[in-house]
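Chain residues, written in single-letter form:
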Amino acid sequence: MLNRFSRAALVLGLFAVAPPVLAGGEDVVVEDAWSRASIGTGRPGVAYMTLRNTGAEPVVVTGLRTDLAMMPMIHSTTTDAQGVTRMSHMEAVEIAAGEAVALAPGGLHVMLMDLQRPMVEGESYTLSVIFADGTEATVDVPILGIAARGPAN
Amino acid sequence: MTRLQKGLWAAVAVAALGAGAQAVMESRAPEVATSAASLVVAEFELTGHDGVVRTEEDFWGKWTLVFFGFTNCPDICPTTLAEIAQVMDDLGPQADAVQPLFISVDSDRDRPMDLAEYVPLFHPSILGLTGTPDQIEAAAASFKIFYERVPEEDAPDGYMMGHTSQVFLFDPDGGFVRLYGYGTPAPEITSDLSARIDARN
Ligand SMILES: [Cu+2]
């Protein structure tokens, strides 16, 4: 857990000094994507995955697109020293060359707001990750049970 | 006191408590014995997801695992609910001695019927509790937990909730025992709880 937070912090830190040359979606591999089922469409859904940058340049995720949700965005969950947890919207997430960023429970996650249809266990949907250079990486996200704790193997 | 001041005061108490609980987790000492721990009491009148009004006295005789959240929370609340569900499964017959309680901090959106279509999906033993803003504020003050509305333009209804994410354990006499920090793996909670149940029998 700490590792995940420190990694997210590192990602932010790197973003501040990012070189102007950025690679795009063709270098990014999306691994272990999964979602939890929803009850209807009234509450936000969630998606998790690992984004691995196999290229020699950093990449920056600037957006998401899916026909499942009108407003998909990356959120960061943080827990302070008092044990109080909050979510905040991440405008951009940088992935250093050769590094991976994990979106996992209790840390970074894809928040799927304004669901267009219920997320049904056993089904899947397409999610595109959009990078700063306009390229995209598209992944099929399987929907697991509402109480799923991690990706299906 | 304003709501904000109350929240801050509660956060300070939990900070002290958190430090105590952390020490206990690291040293594996059997009991929390900090002065802050004595500040935490379970005192509430809330409505269950079955529509029945409950107070803390209804759960005396069982170990209770109490945690806080809201159903519009897609990341950490389902994660904790799923961990607790796993604990209840892994406890086997000892699970009969344990009652998990999920208390909503979002009274505007979480009515009993909203909890009824959500909480039992994780585990039939988990009881969702909600109430009026005043009832939830009173419960939060007794548990010394912190919660707040964070305005967020893009979020449903224009806000998200921040809230204390630890799990509280109370013994069958209603006495506070310890906190499990967010992200404590289910097997760790199960073995700790199982040992406590055994020790008492
Ligand atoms: Cu979120």
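Further up the page is the structure itself.
First, a word on scope: everything that follows refers to the structure included in this document. Within any chain, residue numbers begin from 1 and follow the written order of that chain's sequence. Chain letters start at A and ligand numbers start at 1, both assigned in the order the entries are written. Residues qualify for local features only when their pLDDT is at least 70, as the model is predicted, and side-chain atom pairs are given and counted only at 80 or more; totals for whole chains, interfaces and linings, by contrast, use all residues. Computation of side-chain values: all heavy atoms of the structure, hydrogens and water removed.

Attention shifts here to the coordination of the copper ion. All names here are of chain A. Think of the donor list as every N, O and S atom within 2.8 Å of the metal, or within 3.2 Å for Na, K and Ca; water never makes the list, so a site can look incomplete. Within the first shell, the copper ion binds the protein through His 75 (ND1), Met 87 (SD), His 109 (NE2) and Met 111 (SD), at distances of 2.2 to 2.3 Å. One can describe the donor arrangement at the copper ion as tetrahedral, given that its four donor atoms subtend angles of 94 to 119 degrees at the metal. As a motif over one chain, the donors of the copper ion read H-x11-M-x21-H-x1-M. In this pair, His 75 sits in strand E4 (residues 69-79) while His 109 sits in strand E8 (residues 108-115), placing the two residues 34 residues apart along the sequence. Between buried and exposed lies partly exposed: a residue is buried under 20% and exposed over 50% of the maximum accessible area for its type, with that area taken using a 1.4 Å probe on protein chains only. Judged by its relative accessible area of 0%, His 75 is buried. A residue is classified by how much of its surface remains accessible, and His 109, at 0% relative accessible area, is buried. Under this scheme a four-donor centre is tetrahedral when all angles range from 85 to 135 degrees, a four-donor centre is square planar and a six-donor centre octahedral when opposite donors are above 155 degrees with the rest from 65 to 115, and any other centre is irregular. To qualify as a helix, a DSSP run of H or I must reach at least 4 residues; to qualify as a strand, a run of E must reach at least 2; elements of each kind are numbered from the N terminus.

What follows deals with the sheet that holds strand E3 (residues 63-69) of chain B. Residues and elements named next belong to chain B. Ordered by their spatial adjacency, seven strands build an open sheet running E2-E1-E5-E4-E3-E8-E9, and the pairing between neighbours is mixed. Both outer strands of the open sheet, strand E2 (53-55) and strand E9 (176-180), are each paired with one neighbouring strand and no more. When strand polarity is set aside, the average angle formed by the axes of neighbouring strands in this sheet is 35 degrees. Each pair of strands is called paired provided DSSP finds at least two bridges between the two strands. Summarising the sheet, E3 and strand E8 (residues 167-170) pair through three bridges and their orientation is antiparallel. Angular values range over 0 to 180 degrees, each being the angle between N-to-C directions of two axes fitted as lines to C-alpha atoms, with helices fitted over their stretch in contact.

Okay, empty space enclosed by the protein next. Two kinds of site are reported from a 1 Å grid over the protein atoms alone, namely cavities, where a 1.4 Å probe fits but cannot get out, and pockets, open sets with protein on both sides within 12 Å along at least five of seven lines, and residues are called lining when an atom falls within 4 Å of a point. Grid points are joined across faces, edges and corners, and a volume is the space filled by probe spheres set on the points. Tallied over the entire structure, the rule returns eight cavities of 30 Å³ or more. What lines the largest cavity is a set of 15 residues, and nearest its centre among them are Ala37(A), Ser38(A), Pro44(A), Pro74(B) and Tyr118(B). Just so you know the grouping, Ala, Val, Leu, Ile, Met, Phe, Trp, Tyr, Cys and Pro go in nonpolar, Asp, Glu, Lys and Arg go in charged, and all remaining residues, Gly too, go in polar. Across the lining of the largest cavity, the residue classes tally to nine nonpolar, four polar and two charged. If you trace the second largest cavity, you find it lined by Ala42(B), Phe44(B), Glu56(B), Phe59(B), Trp60(B), Lys62(B), Thr64(B), Val66(B), Leu101(B), Phe170(B), Asp171(B) and Gly174(B). For the lining of the second largest cavity, a count of residues per class yields seven nonpolar, two polar and three charged.

Residue and element names in this part refer to chain B. Each Phe, Tyr or Trp ring (for Trp, its six-membered ring) is paired with any other whose centre lies within 6.5 Å, and the angle between the two planes then decides the class: stacked below 30 degrees, edge-to-face above 60, tilted in between. With the rule as written, the count across this model stands at eleven aromatic pairs over all chains. Judged by centre distance (5.7 Å) and plane angle (65 degrees), the ring pair of Phe 170 and Phe 176 falls under edge-to-face. Among the residues examined, Phe 170 registers a relative accessible area of 1% and is labelled buried. By relative accessible area, Phe 176 is classed as buried at 15%.

Turning to the packing of helix H2 (residues 76-90) of chain B against helix H5 (residues 186-200) of chain B, a few remarks are in order. Residues and elements named next belong to chain B. With their axes 9 Å apart at the nearest point, H2 and H5 run at an angle of 45 degrees to one another. As far as their axial angle goes, H5 and H2 are oblique. Seen from above, H2 lies across H5 with right-handed handedness. Mapping the contact onto sequence places Glu 83, Gln 86, Val 87 and Asp 90 in H2 and Ala 186, Ile 189, Thr 190 and Leu 193 in H5. Grouping the amino acids of the contact of H2 with H5 by side-chain chemistry returns four nonpolar, two polar and two charged. These descriptions rest on fixed angle ranges, namely under 35 degrees for roughly parallel, over 145 for roughly antiparallel, 65 to 115 for roughly perpendicular, and the rest for oblique. For any helix crossing, the convention is left-handed if the near helix is rotated counterclockwise from the far helix by under a right angle, and right-handed if that rotation is clockwise. We call two residues in contact whenever any of their non-hydrogen atoms come within 4.5 Å of each other.

Moving on to H2(B). Residues and elements named next belong to chain B. Over its 15 residues, H2 extends 21 Å from the first C-alpha to the last, a length consistent with the 21 Å expected when each residue adds 1.5 Å. Taking burial as the measure, the 15 residues of H2 include twelve buried ones, the bulk of the element. Listing the buried residues of H2 in full gives Ile 76, Cys 77, Pro 78, Thr 79, Thr 80, Leu 81, Ala 82, Glu 83, Ile 84, Ala 85, Val 87 and Met 88. Just downstream of H2, Gly 92 is the residue with a positive phi angle, here 60 degrees. Helix span, as expected, comes to 1.5 Å for every residue beyond the first.

Here we take up the environment of Ile39(A). With respect to the secondary-structure elements, Ile39(A) resides in the loop between strand E1 (28-36) and strand E2 (45-53). Here Ile39(A) falls in the partly exposed class, since its relative accessible area comes to 21%. Linking Ile39(A) and Met119(A), residues 80 residues apart in sequence, is a C-alpha distance of 7.4 Å. When sequence neighbours within four positions are dropped, the list of residues in contact with Ile39(A) reads Ile146(A), Glu117(B), Tyr118(B) and Leu121(B).

Another aspect to go through is the nonpolar core. Nonpolar core, defined: a set of buried Ala, Val, Leu, Ile, Met, Phe, Trp, Tyr and Cys residues in which side-chain atoms within 4.5 Å join the residues together. Residues Phe44(B), Phe143(B), Phe168(B) and Leu193(B) are the most contacted members of the largest nonpolar core, which totals 55 residues. With seven residues, the single largest contributor to this core is H2(B). Beyond its immediate sequence surroundings of up to four residues, Leu193(B) is in contact with Trp63(B), Leu65(B), Val87(B), Leu91(B), Val98(B), Leu169(B) and Tyr180(B). In this structure, Val59(A), Leu68(A), Ile74(A) and Met119(A) belong to the second largest nonpolar core, which totals 31 residues.

Attention shifts here to the pattern of salt bridges. Here, a salt bridge means any side-chain nitrogen of Lys or Arg that lies within 4 Å of a carboxyl oxygen of Asp or Glu. Throughout the structure, instances matching the rule amount to 15 salt bridges over all chains. Between Arg43(A) and Glu117(B) there is a salt bridge whose closest N-O contact spans 3.2 Å. Of the two residues, Arg43(A) sits in the loop between E1 and E2 while Glu117(B) sits in the loop between helix H3 (112-116) and strand E5 (127-130), which places them in two different chains. The closest approach of N and O atoms between Asp192(B) and Arg196(B), which form a salt bridge, is 2.9 Å. Taken together, the positions of Asp192(B) and Arg196(B), both in helix H5 and four residues apart, correspond to about one turn of that helix. Each member of the salt-bridge network shares a partner with another, and the members are Asp80(A), Arg86(A) and Glu148(B).

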